[in-house]
Amino acid sequence: MRSESEVPFADNPFSIPVADRVTRLPPYLFGKINKLKYEKRVAGVDVIDLGMGNPTDPPDPLIQQKLAEALQDPRNHRYSVSNGIGNLRREVTKRYWKRYGVRLDPDSEVIATIGSKEGFSHMCLALMGPGDTAVVPSPTFPIHTYACVLAAGNVIALDVRDPEKFLKNVAYTCEHLYPKPKVVIVNFPHNPSSTVVEPDFYVDLVRLAKKYGFLVMSDFAYADICFDGYKAPSFLEAPGALDVGVEFTSMSKSYSMAGWRIGFCCGNQEMVRALGTIKGYYDYGIFQAIQIAAIVAMRHCDAAVESLAVEYEGRRDALCDGLERLGWEIDRPKAGMFVWAKIPEPWAQMGSIDFAMKLVEEAGVAVSPGRGFGEDGEGYLRLAIVENTQRLRQAVREIGRATRTEAAQAS
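The text that follows walks through the structure, step by step, so that each part is easy to find.

Conventions used here
Residues numbered from 1 in each chain as written. Predicted model: local features only at pLDDT ≥ 70, side-chain atom pairs only at ≥ 80, totals over all residues. Heavy atoms only, no water. 1 Å grid on protein atoms, 1.4 Å probe; cavity = no way out; pocket = protein on both sides within 12 Å on 5 of 7 lines; lining within 4 Å. Points joined across faces, edges and corners; volume = space filled by probe spheres on them. Helix = DSSP H or I, 4+ residues; strand = E, 2+ residues; numbered from the N terminus. Nonpolar A, V, L, I, M, F, W, Y, C, P; charged D, E, K, R; others polar. Buried < 20%, exposed > 50% of the residue type's maximum accessible area, 1.4 Å probe, protein only. Pairing = 2+ DSSP bridges. Axes fitted to C-alpha atoms, helices over the stretch in contact; angles between N-to-C directions. Salt bridge = Lys/Arg side-chain N within 4 Å of Asp/Glu carboxyl O. Left-handed = near helix turned anticlockwise from the far one by under 90°. Contact = heavy atoms within 4.5 Å. Expected span 1.5 Å × (residues − 1). Arc of directions from axis to C-beta.

Here's the deal with the layout of surface pockets
The method is simple in principle: a probe with the dimensions of a water molecule rolls over the atoms, and the space it marks as empty is what remains. Considering only enclosed or pocket space, the largest pocket measures out at about 1300 Å³ in volume. Surrounding the largest pocket, 49 residues form its lining, Phe30, Lys117, Phe141, Pro142 and Ile143 being those nearest its centre. When contributions to the lining of the largest pocket are tallied by element, the ones reaching two or more residues are α2 (31–42), α5 (115–127) and α6 (142–150). A per-element tally of the lining of the largest pocket places α6 first, with six residues. Looking at the lining of the largest pocket, its residues break down into 23 nonpolar, 16 polar and ten charged. Residues that form the lining of the second largest pocket fall into these classes: six nonpolar, three polar and six charged.

Following this line, the structure appears as structure tokens:
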């Protein structure tokens, strides 16, 4: 018998040739901050994490109870259908009708996804290939770009902070690019900038889609977290939207079910069918007990969703009030889970990545640097309002302490 140290062939260096789709991905810009945050926590430092839109609130007790009950049924532990159980898809159609006045066919125009990110990524794979181009909003939530890249497509990023200008730039791009963009991706309320739109925006978008022949993918993950009386419109509300596109929603934010990984794609039946084809090859569906609990959530927990939006509004005010007292220039968001804050002088010249590192190192507060969302994000930070108001006020105090010290030294 050969020992472990003996090699029956020449031990030449062996390389692993990964696919081009992997090598096309850039270095992860949040990696340095996440590493430092981890090291701090291992060392026992209390780091207030405002970097990720990861809800800290638990789901409504009724949802948790239904999950526990569903776990006791042996049938729910088998493979589930990849497009979602029928009662769940029907509940989604009821929700769209109740909230937006949109009629959907649960069998052909709705599909359950393993969170909106999975559905979005697989839809890109279903629609795009070499030579295809997608227009994405900028600053850009990373998956909006890299799902297209992983599907071997090209990306054109257009600044979305002025929605009317964004539409004009979409039209200009379609007029001057050959071949024309195949897909236009929109995301309102927008992550990271918190930009919002009114219903007329989608009417104009559908008109452009029909004129230039592109498909629309709407990421509507923050649909229910709105403030100051604002109501986020659905893309599918626009006349003709079902002819040209789909919308992705999620239970992660509205119902604090982020770790449960359940979302939906609704809209054009050919696009839904294409996504279903991809999913049929890639997965066996969402754990059925989670789907059953999600049905109960949509049927009985609207009050919890409204209460959560009120809670987030209070957190927004606590964070914005504090940063404004420090002299930061803040545009209060009307929706979403983030404050998109311009870095004040003299720290703006550091760059958003270095300033974010400074806040972790000296203030014990983790944030997302704007540069991580593309060139248009430079000069900004994204701060998630996922912690309670007391922790957010603590974060502001620590940011103030770290930045005032440097300001005093500079003067």
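More follows now that the structure is in view.
Observations regarding the environment of tryptophan 347
Mapping tryptophan 347 onto the fold places it in the loop between β9 (338–342) and α13 (352–363). A residue is classified by how much of its surface remains accessible, and tryptophan 347, at 7% relative accessible area, is buried.

Some words on the sheet that holds strand β7 (residues 245–250)
The strand order across the open sheet formed by seven strands is β2-β8-β7-β6-β5-β3-β4, and the pairing between neighbours is mixed. The strands lining the two open edges of the sheet, one partner per strand, are β2 (110–113) and β4 (154–159). The mean angle between the axes of side-by-side strands here comes to 20 degrees, regardless of whether they run parallel or antiparallel. Pairing of strand β3 (residues 133–138) with strand β5 (residues 183–186), which is carried by two bridges, proceeds in the parallel orientation.

Quick look at empty space enclosed by the protein
Under the definition given, this model contains one cavity of 30 Å³ or more. Of the voids in this model, the largest cavity is the one considered here, and its volume is about 180 Å³. Lining the largest cavity we find 16 residues, and of these Arg95, Ala223, Asp224, Thr249 and Ser250 sit closest to its centre. Of all the secondary structure elements, the ones that give two or more residues to the lining of the largest cavity are α4 (86–100) and β7. With five residues, α4 is the single largest residue contributor to the lining of the largest cavity.

A look at the pattern of salt bridges
A full pass over the atoms with the stated rule returns 32 salt bridges. Between aspartate 57 and arginine 315 there is a salt bridge whose closest N-O contact spans 2.8 Å. Taken as a pair, aspartate 57 in the loop between β1 (48–49) and α3 (61–71) and arginine 315 in helix α12 (residues 302–325) lie far apart in primary sequence, 258 residues in all. A salt bridge links glutamate 91 to lysine 94, with the shortest nitrogen-to-oxygen separation between them at 4.0 Å. Remark: lysine 94 and glutamate 91 occur in helix α4; sequence separation between them is three residues, near one turn of the helix. Looking at glutamate 91, the relative accessible area reads 7%, which means it is buried. What makes lysine 94 partly exposed here is its relative accessible area of 49%. Among the charged side chains, a network of salt bridges with common partners joins Asp228, Glu313, Arg316, Asp317, Asp321, Glu324 and Arg332.

What about the packing of α5 against α6?
Two elements in contact, α5 and α6, have axes separated by 8 Å at closest approach and are oriented at 40 degrees. α6 is crossed by α5, and the crossing has right-handed handedness. Contact residues: Lys117, Phe120, Ser121, Cys124 and Leu125 in α5; Ile143, His144, Ala147, Cys148 and Leu150 in α6. Of the residues belonging to the contact of α5 with α6, the class tally is seven nonpolar, two polar and one charged.

Some words on helix α8 (residues 199–212)
Its 14 residues give α8 an end-to-end C-alpha distance of 21 Å, which sits within 8% of 20 Å, the value for a rise of 1.5 Å per residue. Burial in α8 covers these residues: Phe201, Tyr202, Leu205, Val206, Leu208, Ala209 and Tyr212. In a view along the axis of α8, the buried residues occupy a sector of 165 degrees, so they form one face of it. Turned more than 90 degrees away from the buried face of α8, the exposed residues are Asp200 and Lys211. For α8, the elements touching its buried residues are α7 (163–176), β5, β6 (215–219) and α9 (241–244). One or two residues past the end of α8 sits glycine 213, with phi positive at roughly 80 degrees.

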